[in-house]
Amino acid sequence: MRRSHVSLIALALAAAPAAQAQEALPDIDIVATTPEGGAGIEKSKISTNPITLSRQELDRDHAVSITDTLQRRNASVSVNDVAGNPFQPDLTYRGFTASPVPGTPQGLAVYQDGVRINEAFGDSVNFDLIPTAAIAKGDIVSGNPLFGLNALGGALTLEMKNGFTWQGYSADGKGGSYGRRVGTLQYGRQIDNFAAYLAFEGIGDDGWRKFSGSSILRGFADLGYKGDKTEFHLNFTGAGSRLGAAASTPVELLQNNYGAVYTTPQSSYNDLAFVNLKGAYEATSNLKFDGNVYFRQFRQQHVDGNTADVGTCSAGAFICQDNDPFLVVVPTNAQRRLRNILGAFIPSSVLAGGLPASVDYTRTNSRSYGATLQGAYDEPIFGFKNKLVVGGSLDRQFTDFRGYSELGVLQPDLSVASTGIQYSNAVLEGGFQPVSVGGRNLYYGIYALDTLDVTDKLTVTAGLRFNSAEISLFDHRGVSLNSNALYQRVNPVVGATYSFLPEFTVYGNYSEANRAPTALENGCSDRLHPCMIDNFLVADPPLKQVVARTVEIGLRGYRDIGSDHGRLDWRLGLFRTYNTDDILSLPSDVIQGRGYFANVGSTRRQGVEAGVTWRNDWLSVYADYALVDATFRDALTLNSGSNPFADAEGKIHVRPGNVLPDIPRHRVKLGFDYFVTPEWKFGADYIFTSGVHLRGDEANLDRPLPSWGIVNLKTSYKINENFEVYGLVQNLLDRRYSTFGTYFDTAGTFLQFNNPRTFGPGAPLAAYGGVRVKF
């Protein structure tokens, strides 16, 4: 976003009319048990260890994204900067990921007001398109198959504001380091049985790394009606983002310049239009129906400059695909020659003596629509308090995906200048060519969940969900990519809680969940025909669905010490999730720089979660710890030709017990908020994360990334009931650290690289200040 745009937003905020702000946001002690509203139960009766996120916590952190607060407060959650953009983080919970990066195996389902917002083609999640200001509350729920496909590790559910729960006017503007500027406007009003709520956010950021600037516009509008027995809401989410994706950078470049980027352009353009009609009807005092109907359109364009495995043919007149050193049969020059879009060989003269590179383009256009209907009945059975929930959902998704590459020339600043010539090589095994495919997904599910209070201390929960997923691909350029696969499964859940005292509860839960392979994964699952994920697909055999079985047990409680001495909340839990036929993205052993998806046998994620919070009227302190032990359970042989510890054939040998990459074993979150005076509040938090193994080092042969810890500060001063000023400092000690790492081919540039490691660096010291107005 240009600075002039942000200036206009700031002026609009300042000129907006005032009204008296009031909030009646959802009770944080009610936790969602299904994607639809109306089925939540008291947190004390949940037989797992849910994470609840209140609007107040988001406001205290002045969060631009919901991941900001989750990263700071919950040790079970970590954030990786794989894309190299602060608005496109990978969110990992218990070793399962929700990521915006196509090709990342997804293990978390994300819902907004009852609609699953994992994208149609690759199940990716674009956090940059969620209006943070409009979030009323959020839950991360584990061990519950009622959240449908992809909830292997759990589900993140977001409930949005409306004019009945939020009235008034609020404006927030902040700015600071690296050209960041943020403007937020909210307005809500209720008139008798009708209400309206509007939220708008404009974000601009120049980026602390080169070529990593971002601009985001997003908004949310809700029109509601509430009668004696009915309630309806029609809401719209619209968003557009332009994001520079700096990605990982070779270690040797980072040592000279912490903000360096390796090959550009790398950018994404996202656009969203999302309409959701939801309603509730109270048939009797014990029977309530909830449902929704939605339409969602998502468009994405991605541009990625890369080094290329091509060069001048031995005769010198044409450009050829490089020979891979691990190929058994060496192809001839005629087989390796690149062709343009008309089928003619590409002469080497187009490079003008420069090093060949590639600019890869993808365009995704997805349309989704669906409906959910649910009934909740809470009539006692034989004198026992009982709540039965029964529902079903239907989703249709259509995707148009196109990908192609243009020959480029690597520039001295490591940017790639395109020649405008599309190229392909469909003859050579592992070759590449433009792709144009259509995807079609048909999902439906039926579920039931019963929660029974056997005694006033013992609550038992049991349920199941039937999932059906039909995944189809249609080749617009022929028939070679056509495929169709059907995945079905019934997933059960059973759990119990026992309250020895109102302040002390024991819980236990067993559940199963499944994830169907996406069209992207099924379209790139042949080792002999790898893809430049997500740019090119080939005809491949369908993958198996992933099945996760989770057991968790734990304790939780609280102690009210009194108004002066506050309240102490604590929790301690153990969990284990065993995945069969897990899907990973693997590097190719046919062509460097490409990959494919495969079922890799079994993996296990197990660990410990512990947390304590103490608060009174003037001080709040929290400490959170998580241990996540994520390992392979089967032996594997994988290609990792750029790993310096690979064998002579470029392979690594994974053994049972080897740690999965990208997943920290230890995480600690500490923090406090202190009222220095009734108007002045000061807070700090500390985040510690142990080092992770690099992607491409699944055999754990190389050293992991170093562990790291950062300190963040925040302060605010309330001038009066309507005006507040605040400040934020991130990474106070300016710690240099990395959250992600992998390997790259050191050849292909005019720079001499000796270290094949490439890291995703964490953000350095940054400071921001802002003003919030609320009437």
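Just above, that's the structure.
Presented here is an overview of the structure given in this document. Computed from a predicted model, the values in this text were never measured in an experiment. The numbers attached to residues start from 1 for each chain and follow its sequence in the written order. Per-residue local features of the predicted model are confined to residues with pLDDT of at least 70, and side-chain atom pairs are confined, for both listing and counting, to 80 or more; whole-chain, interface and lining totals are unaffected and use all residues. Hydrogens and water are ignored here; the side-chain numbers use all heavy atoms of the structure.

Looking at the overall build of the protein chain
- Secondary structure assignment for the protein chain yields six helices and 43 strands.
- Out of the 775 residues in the protein chain, the part that is buried amounts to 58%. Secondary structure elements are defined from DSSP: runs of H or I of at least 4 residues count as helices, runs of E of at least 2 residues count as strands, and each element is numbered from the N terminus. When a residue's accessible area, from a 1.4 Å probe over protein chains only, is under 20% of the maximum for its type it is buried; when over 50% it is exposed; and in between it is partly exposed.

A look at the packing of aromatic side chains
- For this analysis, a ring pair means two rings from Phe, Tyr or Trp (six-membered ring only for Trp) whose centres lie within 6.5 Å, classed as stacked if their planes differ by under 30 degrees, edge-to-face if by over 60, and tilted for the remaining angles. Summed over all chains, the structure comprises 22 aromatic pairs.
- Ring geometry for tryptophan 208 versus tyrosine 258: centroids 5.3 Å apart, planes at 25 degrees, classification stacked. Highlighted residues: tryptophan 208 in the loop between β14 (194–205) and β15 (214–226) and tyrosine 258 in the loop between α4 (251–256) and β18 (266–282), separated in sequence by 50 residues. Judged on exposure class, the residue tryptophan 208 and its partner tyrosine 258 are both buried.
- Here a set of aromatic residues connected by ring pairs shows up, and it is made of Tyr498, Phe500, Phe504 and Trp570.
- Sitting above the plane of the phenylalanine 274 ring, arginine 296 keeps its charged end 5.5 Å from the centroid.
- For a lysine, the NZ atom is tested; for an arginine, the CZ atom; a charge sits over a ring if that atom is within 6 Å of the ring centre and within 35 degrees of the ring normal. Note that arginine 567 overlies the ring of tyrosine 558, its terminal NZ or CZ placed 4.0 Å from the centroid.

Considering the pairing of strand β25 (residues 435–453)
- In this analysis, strands are considered paired if DSSP registers two or more bridges between them. Where strand β23 (residues 386–410) and β25 come together, 18 bridges link them in antiparallel fashion. Bridging across to β25, glycine 403 finds its partner in valine 435.
- Bridge count between β25 and strand β26 (residues 458–475): 17 bridges; the pairing is antiparallel. Its bridge partner being in β26, leucine 449 is matched across the sheet by glycine 463.

Digging into a nonpolar patch on the surface
- Only residues whose relative accessible area exceeds 30% and that take part in no salt bridge are eligible for patches, with like-charged residues grouped when within 9 Å of each other and nonpolar side chains (Val, Leu, Ile, Met, Phe, Trp, Tyr) grouped when within 5 Å. For accessible areas, the Shrake-Rupley method is used with a probe of radius 1.4 Å. Any residue's cover is judged against the shown protein chains and nothing else. Should a side-chain nitrogen of Lys or Arg be within 4 Å of a carboxyl oxygen of Asp or Glu, the pair is scored as a salt bridge. On the surface, Trp618, Tyr674, Phe675, Val676, Trp680, Tyr717, Ile719, Phe723, Val725 and Val771 cluster together into a nonpolar patch covering about 850 Å² of accessible area.
- Following the sequence through the fold, phenylalanine 675 ends up in strand β37 (residues 666–675).
- Assessed through its relative accessible area of 34%, phenylalanine 675 is described here as partly exposed.

Description of the sheet that holds strand β17 (residues 249–250)
- With antiparallel pairing, the three strands of this open sheet are ordered in space as β17-β42-β41. The open sheet terminates on both sides in strands that have one partner only, identified here as β17 and β41 (738–743).
- With five bridges joining them, β41 and strand β42 (residues 757–761) adopt antiparallel strand pairing. Within the sheet, the bridge partner assigned to phenylalanine 740 lies in β42 and is glycine 760.

Some words on the nonpolar core
- Within the largest apolar cluster, 75 residues are counted, with the highest numbers of intra-cluster contacts made by Ile66, Leu70, Phe127 and Leu156.
- Residue contacts follow a heavy-atom distance rule, with two residues in contact if any of their heavy atoms lie within 4.5 Å. Non-local contacts of leucine 156, meaning those with residues more than four positions away in its chain, are made with Ile66, Leu91, Ala109, Val110, Tyr111, Phe127, Asp139 and Ile140.
- For our purposes a nonpolar core is just a set of buried Ala, Val, Leu, Ile, Met, Phe, Trp, Tyr and Cys residues, chained together by side-chain atoms within 4.5 Å. By size, the runner-up hydrophobic cluster in this structure holds 13 residues, among which are Ala357, Tyr361, Leu414 and Val416.

A few points about the sheet that holds strand β6 (residues 90–93)
- Within the open sheet, the three strands sit side by side as β5-β6-β7. Their pairing is antiparallel. Unpaired on one side and paired on the other, β5 (77–80) and β7 (96–98) mark the two borders of the sheet. Going across the sheet, the axis of each strand differs from the next one's by a mean of 30 degrees, ignoring polarity.
- Where β6 lies against β7, three bridges are found, and the strand directions are antiparallel. Opposite tyrosine 93, over in β7, you have phenylalanine 96 as the bridge partner.
- Every axis in this analysis is a line fitted to C-alpha atoms, fitted for helices over the stretch in contact. Angles between the N-to-C directions lie between 0 and 180 degrees. With respect to the sheet, helix α3 (residues 66–73) is in contact with β5 and β6, its orientation differing from that of β5 by roughly 125 degrees.

A word on the state of the cysteines
- Note on terminology: pairs of cysteine sulfur atoms within 2.5 Å are recorded as disulfides. This model, assessed by the stated rule, comprises one disulfide.
- Each disulfide pairs two cysteine sulfurs, and for cysteine 313 the partner residue is cysteine 320, the sulfurs being separated by 1.7 Å. Handedness here is read from the sign of the S-S torsion; for cysteine 313 and cysteine 320, about 95 degrees, the answer is right-handed. Just as cysteine 313 is buried, cysteine 320 falls in that class too.

Section: the pattern of salt bridges
- Tallied over the entire structure, the rule returns 32 salt bridges.
- Salt-bridge contacts for arginine 218 lead to glutamate 201; the nearest nitrogen and oxygen are separated by 2.6 Å. Here arginine 218 is found in strand β15, whereas its partner glutamate 201 is found in strand β14, with 17 residues between them in sequence.
- Arginine 604 is paired through a salt bridge with aspartate 629; the nearest N and O atoms lie 4.0 Å apart. Here arginine 604, found in strand β33 (residues 603–615), pairs with aspartate 629, found in strand β34 (residues 619–632); they are 25 residues apart in sequence, far enough to count as distant. Neither residue differs from the other here; arginine 604 and aspartate 629 are each classed as buried.
- Salt bridges sharing partners connect three or more residues here, namely Arg60, Asp61, Arg73, Asp673 and Lys714.

Focus on the side chain of glutamate 201
- Residue glutamate 201 is classed as buried on the basis of its relative accessible area of 5%.
- Definition of a polar contact: a pair of N or O atoms within 3.5 Å, with one able to donate and the other able to accept a hydrogen when the atoms are protein atoms, and with sequence-neighbouring residues admitted only if both atoms are side-chain atoms. At 2.9 Å, the side chain of glutamate 201 and the backbone nitrogen of alanine 133 are in polar contact.
- One polar contact links glutamate 201 to arginine 218, side chain to side chain, over a distance of 2.6 Å.
- If sequence neighbours within four positions are ignored, glutamate 201 has contacts with Ile130, Pro131, Thr132, Ala133, Gly183, Thr184, Ile216, Leu217 and Arg218.

What to know about the environment of serine 348
- Mapped onto the fold, serine 348 is located in the loop between α5 (333–336) and β22 (356–377).
- Here serine 348 is in contact with Thr312, Gly316, Ala317, Phe318 and Ile319, once residues within four sequence places are set aside.

Some thoughts on the side chain of asparagine 755
- Following the sequence through the fold, asparagine 755 ends up in the loop between β41 and β42.
- A distance of 2.9 Å separates the side chain of asparagine 755 from the side chain of arginine 757, its partner in a polar contact.
- Apart from residues no more than four positions distant in its own chain, asparagine 755 is found in contact with Val251, Glu252, Phe744 and Thr746.

Here's the deal with the environment of alanine 136
- The residue alanine 136 is located in strand β10 (residues 135–141) in this model.
- Between the C-alpha atoms of alanine 136 and serine 54, which are 82 residues apart in sequence, the distance is 7.0 Å.

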